[in-house]
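So the chains spell out like this:
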Amino acid sequence: MSAFDPLDSFLLAASRFCWTPLSIFIQIQGCLICLTLALGWACAAYVRGREIRQMKDSMKCGNSFAFLSHDINDLEHSNQVNLPRVTVIMPLKGFGEHNLHNWRSQTVLKSSEWINFSKAWFLKITSLYGGPLEFLFVVESTEDPAYCAVCMLISDFKDNIEAKVIVAGLSTTCSQKIHNQLVGVERMHKDSKYVLFLDDDVRLHPGTIGALTAEMEKNPEIFIQTGYPLDLPSGSLGSYCIYEYHMPCSMGFATGGKTFFLWGGCMMMHADDFRDDRYCVFSGLRDGGYSDDMTLAALAGANKRLITSPPVAVFPHPLASDLSFARYWNYLRKQTFVLESYISTVNWLMNRALFSVHCYLSWGFVAPYFMAMIHIAAALRLHFNKMHSVEDTSSISGGLLLVGCLAMCTVVELISMWNLTKIEVQLCNMLSPEAPPLSLGSYNWSLVFIAILVDNFLYPLSAIRSHFSQSINWSGVLYHLKDGKISMIERSNDIGPSYTDLGGKHLYGKKGAPPKPSLLGSLARSLAHWRQPKKFDV
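Here we summarise the structure given alongside this text. (Residues numbered from 1 in each chain as written. Predicted model: local features only at pLDDT ≥ 70, side-chain atom pairs only at ≥ 80, totals over all residues. Heavy atoms only, no water.)

We now examine the nonpolar core. Membership of the largest hydrophobic core comes to 62 residues, with the highest contact counts inside it found for M55, L230, Y328, F365, M417, V448 and Y459. Of all the secondary structure elements, the ones that give two or more residues to this core are α2 (21–60), β6 (228–232), α9 (237–253), α13 (325–337), α14 (345–384), α15 (390–431) and α16 (445–469). Looking at this core element by element, the count peaks at 12 residues for α15. Listed in part, the 28 residues of the second largest apolar core include V139, F253, C266 and M268. (Core = buried A, V, L, I, M, F, W, Y, C linked by side-chain atoms within 4.5 Å. Buried < 20%, exposed > 50% of the residue type's maximum accessible area, 1.4 Å probe, protein only. Helix = DSSP H or I, 4+ residues; strand = E, 2+ residues; numbered from the N terminus.)

The interhelical angle for the contact between α14 and α16, taken along N-to-C directions, is 145°, at an axis separation of 9 Å. Judged by the twist between their axes, the crossing of α14 over α16 is left-handed. Across the interface between the two elements, R352, F355, H358, C359, S362, W363, F365, V366 and Y369 of α14 pack against F449, I452, L453, N456, F457, Y459, P460, L461, A463, I464 and H467 of α16. (Axes fitted to C-alpha atoms, helices over the stretch in contact; angles between N-to-C directions. Left-handed = near helix turned anticlockwise from the far one by under 90°. Contact = heavy atoms within 4.5 Å.)

To summarise the sheet geometry, strands pair through backbone hydrogen bonds and adopt either a parallel or an antiparallel arrangement. Sheet architecture is open: seven strands sit in the order β3-β2-β1-β4-β7-β5-β8, paired in mixed fashion. Each end of this open sheet is capped by a strand with a single partner; those strands are β3 (162–167) and β8 (306–308). Strand-to-strand twist of the sheet, defined as the mean angle between neighbouring strand axes without regard to direction, takes the value 20°. Pairing of strand β4 (residues 194–198) with strand β7 (residues 266–270), which is carried by five bridges, proceeds in the antiparallel orientation. Counterpart to L196 in the pairing with β7 is M268. (Pairing = 2+ DSSP bridges.)

Moving on, we come to α16. In a regular helix each residue adds 1.5 Å, so 25 residues correspond to 36 Å; α16 covers 35 Å between its end C-alpha atoms and thus fits that length. At Y459, α16 shows its maximal kink, close to 30°; a proline, P460, follows between one and four residues later. Buried within α16 are the following residues: V448, A451, I452, D455, N456, L458, Y459, P460, S462, A463 and S466. Its side-chain oxygen 3.1 Å from the backbone nitrogen of S446, N444 forms the N-cap of α16. Note on α16: the residue one or two positions beyond its end, Q470, has a positive phi of about 55°. (Expected span 1.5 Å × (residues − 1). Bend = angle between axes of the 7 residues up to and from the residue. Polar contact = N/O pair within 3.5 Å; in protein donor to acceptor, adjacent residues only side chain to side chain.)

This next bit is on the pattern of salt bridges. Taken as a whole and judged by the stated rule, the model has 14 salt bridges. The salt bridge partner of D292 is K177, with a shortest N-O separation of 3.1 Å. A residue pair is termed long-range when its members are at least 10 positions apart, and D292 in helix α12 (residues 292–302) and K177 in helix α7 (residues 176–187) qualify at 115 residues. In this structure, the salt-bridge partner of R352 is E340, at a minimum N-O distance of 3.0 Å. You can see R352 sitting in helix α14 and its partner E340 sitting in the loop between α13 and α14, a full 12 residues away along the chain. Here E340 falls in the buried class, since its relative accessible area comes to 5%. One network of salt bridges, in which partners are shared, links K177, D199 and D292. (Salt bridge = Lys/Arg side-chain N within 4 Å of Asp/Glu carboxyl O.)

We now examine the layout of surface pockets. One number sums up the size of the second largest pocket: a volume of about 850 Å³. In terms of lining residues, the second largest pocket is bounded by 38 residues, among which L68, G210, A211, A214 and E215 are the most central. Going through the elements one at a time, α2, α3 (77–80), α8 (208–218) and β5 (222–226) are the ones with two or more residues in the lining of the second largest pocket. In terms of residue count, the dominant contributor to the lining of the second largest pocket is α8 (seven residues). When the residues that make up the lining of the second largest pocket are grouped by side-chain class, the tally is 15 nonpolar, 16 polar and seven charged. (1 Å grid on protein atoms, 1.4 Å probe; cavity = no way out; pocket = protein on both sides within 12 Å on 5 of 7 lines; lining within 4 Å. Points joined across faces, edges and corners; volume = space filled by probe spheres on them. Nonpolar A, V, L, I, M, F, W, Y, C, P; charged D, E, K, R; others polar.)

Contact geometry for α13 and α16: axes closest at 8 Å, N-to-C directions at 55°. With respect to each other, α13 and α16 are oriented oblique. Considering only the axes of α13 and α16, their crossing is right-handed. For the pair formed by α13 and α16, the contact residues are F325, Y328, W329, L332, R333, T336 and F337 on the first element and V454, D455, L458, Y459, L461, S462, A463, R465, S466 and S469 on the second. For the contact of α13 with α16, the residue count by class is 10 nonpolar, four polar and three charged. (Parallel < 35°, antiparallel > 145°, perpendicular 65-115°, else oblique.)

We now examine the packing of aromatic side chains. All chains considered together, the criterion is met by 20 aromatic pairs. Taken together, a centroid distance of 6.4 Å and an interplanar angle of 25° make the contact between Y245 and Y459 stacked. Highlighted residues: Y245 in helix α9 and Y459 in helix α16, separated in sequence by 214 residues. Residue classification places Y245 among the buried residues on the basis of a relative accessible area of 11%. (Phe/Tyr/Trp six-rings, centres within 6.5 Å; stacked < 30°, edge-to-face > 60°.)

Here we take up the sheet that holds strand β12 (residues 485–491). Here we have three strands laid out as an open sheet, ordered β10-β11-β12, and antiparallel in their pairing. The open sheet terminates on both sides in strands that have one partner only, identified here as β10 (471–474) and β12. Each strand of the sheet is rotated relative to its neighbour by a mean of 25°, with strand direction disregarded. Bridge count between strand β11 (residues 477–482) and β12: six bridges; the pairing is antiparallel. Looking at β12, one finds that H480 is bridged to M488.

So this is what it looks like as C-alpha cells:
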C-alpha cells in the first residue's frame, strides 16, 4: 500500500482543493454554462420548429409548394415577373468532393426543369426564382482547379442560366476572398437590385433566393440578410469539433428576424450600397479587410443598420470525409484570428471583450470536467483505501454531489443540442424535397461530447496565439495585420497546405489544364445524372 501513498495524498489534496469556495463556484458556473447553452438551443429549436409547423399547415391547406412560399399566391406568374434582379457572387478557391453538387444547387435555381410536381402549376411558375438572376463565379486565376470545373458546369447549363466566370487576379490590399467579391460587385449587372454573396460550399435550398429577396422587398430597412450552416460531420474528431464550434453560434442566427450575427457564407445586400459605397461597405472591405462578415457586421453596428436571419436560412454543410485534426486546428486559428481585425476603436474594444469573454467561458466550461475526474478518482482510491479522515470523506462526498449535478446538466445540454440538430435536419429535408434526405443516424454523440471538451479547451490557446502572432495562413496565403488591417501579403505554394480545411478542396493546379481525368469523368457523369429533359418547357 505504501507505493500508492503519494498518489493517495495527491488525490486527497486535489479533492480538498476542488471543494474550496472558489472551486465550488467554478463547478457551479460550469453547470450554469451547460444549462444556458441548453436553453439557447431550445429557443433556436422553437424558432426552426415554428417554421416547420407553418410549412405543414400550408401544405394541409393545399399548397404543395410550401417549401417555396407559405402563400401560394406569391408564386403566381404575375407576381414572379415583377421580382427584382439579383446577382449571385461566389468567390471560388479550389475544387473538392462536394463542390459540384453545391454549385448545381446554386445555379439550378433558375432552371425550369426542376418543376415536376404539377404541370399546371409549372405554367405559372417558370422558375424557382421568377426574377432575373445572374451568377458570377470569381476565381483568382485560371490556374485554380475550380476554373475548368466551373467553365464546364456553365457550358452544360448555358441555355438555362445567366452565368460567367471572372478572373479577379491577386489581391493586394485585402484578403483574396474579399478581393474576388469586390471584383464581382464591379462586374455585376447594372440593373441588379440585390447582391447575394455565397461561399462555394453552401448548399442552397430551391426557395432560398426567393425567400431572401421577399424579406428584402418587405422591409427595405434591412441592411444584410444572412443564414448559417448545419454541419454534417464526416466521422473524424476534427469534423465533430467544427460541428461543435458552430453550434453555439447557431442560436444567434435562429432568431427568425433581427440578429447581431453575420455569416460570410450567405449575405444578401442592396447592390446600390456597393455602387455608392454607402456606410463605406466597399472601401471598408477593400482597404485592409480580412474578414468579410466581421467587417460588415462592424459597419452595421456603427451605422445602426439592420441584420436579419430568416428561419429558412439554414444550409446543409457536408464536411470533408478526410478532415483531419490538423485541418480543424488551422480552421480554428482562422476563426480566432478575425478578432484581431477591426475598423475602429469601438470595434477593437468589442473584439477584445468578445476575446476575453469567449476564452473565460471556454475554460470555465472545461474546468469542471477536470475537477469531476479528480473527485471520481479520489472516491475510487478512498473506496479501496480504508485509512481516511472525516474531512476527506466530507470533501469527496461533496465533490461527488457536484459531479452528479454536472452529469445531469451535461445530459440536458446534449439532449438540447440533439433536438436542435434533429429539427434543423427536418427543416432542411422539407426545404429541399428533391435532395437525398439528411439523417441524424450518422452523428456519433460520444464524439460530440469529446469534441465539446476539445474545442473549448483549444479555443483560448488558438485565440492567444492569434493575438501574439498577428499573421495567419489562409489557403497558402500568409496575411499580416497591422492596426487591425492587412498590411502585407505573402504568397507561395510552399507556405501552406494543398487542401482547404473544411471541404478538402485541391488548391493548386496547372494553368489552363483540366483536373485529372478521373475527376472530369466523375464531373461529366454527375452533370448528366442531374440534368433532366425539359419536356415541359414552353
